[in-house]
Amino acid sequence: MKSFSQLMGEQTLLPIIQANSVEEGVNIAKAMADAGIALVEVVLRTPASLAVISAIKAQLPQLKVGAGTILSAKDHHAALDAGADFIITPATSDTLLKALADSPVPVLPGVSNTADILLAREHGYSELKLFPASLSGGIPFLSAMSSVFGDIIFCPTGGISASNNKDYLALNNVFAVGGTWVAKADWVENQQWQNITDACAQACK
Ligand code: 3PG
C-alpha cells in the first residue's frame, strides 16, 4: 500500500480546489503553487473537476494533483484516467475500500468515528482523513484516538480554518490538515488569486 503522507513529504497543508471551470481550477492551483505548495486536491464536486485535474497536470507539471470526493470504483477509474496522483474519500465502506485496494496511487480514506477507523485499519490503512473534522469531535476526538489507535495518523479536513489549523497540527497523531479556507469561494469568484497565495503561505509557516 502506497503511503499518502510520504507523497506529501514536508508539506503539512492539503489545499482543496473546488472549481467551476478548467480556467478557474488552473488559476487556483497556480496561486497555491506560488506559495510553494507541491501537492493539491481537486474535489469531484463539479462537472469540470476531472478536466481540472488533467489541465493542472498539463499546465503545472511540477504539482502533484489528487482527486477527492471519491465514492465508488467508477469515480476511482475516472480520477486515474484524468491523471490523479492520489485518491481521497470523504467516507469509508467495505465496498469502497475493496474497490480501492489495488489502486496504483496512494489512497487516503475518510473516517468520522471509531468504527470507520477500525474498518480502514482492517483494510491495512494507517493514514486516514478525519471528515468532517469539526463535526466529528475535532481536537478532543483526535486526542482520544491517539491512545486507542496508536498506530493511526490523521489528516483532518472539514471546518479547519486559519485560526485552528495550527492547533490540529500540534497533535502528535496529525500529519497534515486540509481544507478550502485557503481558497475561499468569494476570492475565486472575484479572482483574488493573491489572497489564495497569502493564505497558503500563512498556513505553511
Ligand atoms: C473536504 O472535502 O475535505 C471538505 O470540503 C473540506 O471542508 P472545508 O470546506 O470546511 O474546508
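Quick note: structure is the one above.
All chains use their own residue numbering, which begins from 1 and follows the written sequence. With pLDDT at 70 or above as the cut-off, local features in this predicted model cover only qualifying residues; side-chain atom pairs require 80 or more to be listed or tallied, and sums for whole chains, interfaces and linings still use all residues. Where side-chain values are given, they derive from all heavy atoms of the structure, hydrogens and water being excluded.

Novice: What exactly am I supposed to notice about the site of the ligand here?
Specialist: Each residue is tested against the molecule or strand, and it is near if at least one of its non-hydrogen atoms lies within 4 Å. In the vicinity of the ligand, the contacting residues are Ile-16, Arg-45, Lys-129, Phe-131, Thr-157, Gly-158, Gly-159, Gly-179 and Thr-180. Pairs of N or O atoms within 3.5 Å make up the polar contacts considered here, provided that, within protein, one atom can donate a hydrogen while the other can accept it, and that residues adjacent in sequence are counted only when both atoms are side-chain atoms. For the ligand, an oxygen atom lies 2.4 Å from a polar atom in the side chain of Arg-45. A distance of 2.8 Å separates an oxygen atom of the ligand from a polar atom in the backbone of Gly-159. Method for areas: the Shrake-Rupley scheme with a 1.4 Å probe, in which residue coverage is limited to the protein chains shown. Look at the ligand: alone it shows 310 Å² of surface, and the protein chains cover 81% of it. Among the residues forming the shell around the ligand, the class breakdown is 2 nonpolar, 5 polar and 2 charged. Throughout, the ten residues Ala, Val, Leu, Ile, Met, Phe, Trp, Tyr, Cys and Pro are labelled nonpolar, Asp, Glu, Lys and Arg are labelled charged, and all others, Gly among them, are labelled polar.

Novice: Help me understand the pairing of strand E1 (residues 13–17) in this model?
Specialist: Where a strand is regular, its side chains alternate between the two sheet faces. Burial analysis of E1 places 5 of its 5 residues in the buried class, the great majority of the element. Summary of the burial criterion: residues with accessible area below 20% of their type's maximum are buried, those above 50% are exposed, and those between are partly exposed, where the area comes from a 1.4 Å probe applied to protein chains only. Under the DSSP-based scheme used, a helix requires at least four consecutive residues in state H or I and a strand at least two consecutive residues in state E, with every element numbered from the N terminus. Both faces of E1 are covered, namely the face carrying Leu-13, Pro-15 and Ile-17 and the face carrying Leu-14 and Ile-16. Here E1 runs beside strand E9 (residues 177–179); their pairing, made up of 3 bridges, is parallel. In the strand pairing of E9, Leu-14 is matched with Gly-178. Paired strands, in this sense, are two strands between which DSSP finds at least two bridges. Relative to strand E2 (residues 39–43), E1 is paired through 2 bridges, and the arrangement is parallel. Its bridge partner being in E2, Ile-16 is matched across the sheet by Glu-41.

Novice: Where do I start with the state of the cysteines in this structure?
Specialist: Throughout this description, disulfide means a covalent bond between two cysteine sulfur atoms. For the purposes of this analysis, a disulfide is any pair of cysteine sulfur atoms at a distance within 2.5 Å. This model, assessed by the stated rule, comprises 0 disulfides. For the unlinked cysteine Cys-155, the closest cysteine sulfur is that of Cys-204, found at 12 Å. The exposure class assigned to Cys-155 is buried, which follows from its relative accessible area of 0%. Cys-204 carries a free sulfur, and the closest cysteine sulfur to it, the one in Cys-200, is 6.4 Å from it.

Novice: So what exactly am I meant to see when it comes to the sheet that holds strand E4 (residues 86–88) here?
Specialist: What holds strands together in a sheet is hydrogen bonding between their backbones, with the strands either parallel or antiparallel. Pairing in this open sheet of 6 strands is parallel, and the strands run E5-E4-E3-E2-E1-E9 from one edge to the other. Each edge of the open sheet carries a strand with a single partner, namely strand E5 (107–108) and E9. Relative to E5, E4 runs parallel, the two sharing 2 bridges. Paired with Ile-87 across the bridge in E5 is Val-107.

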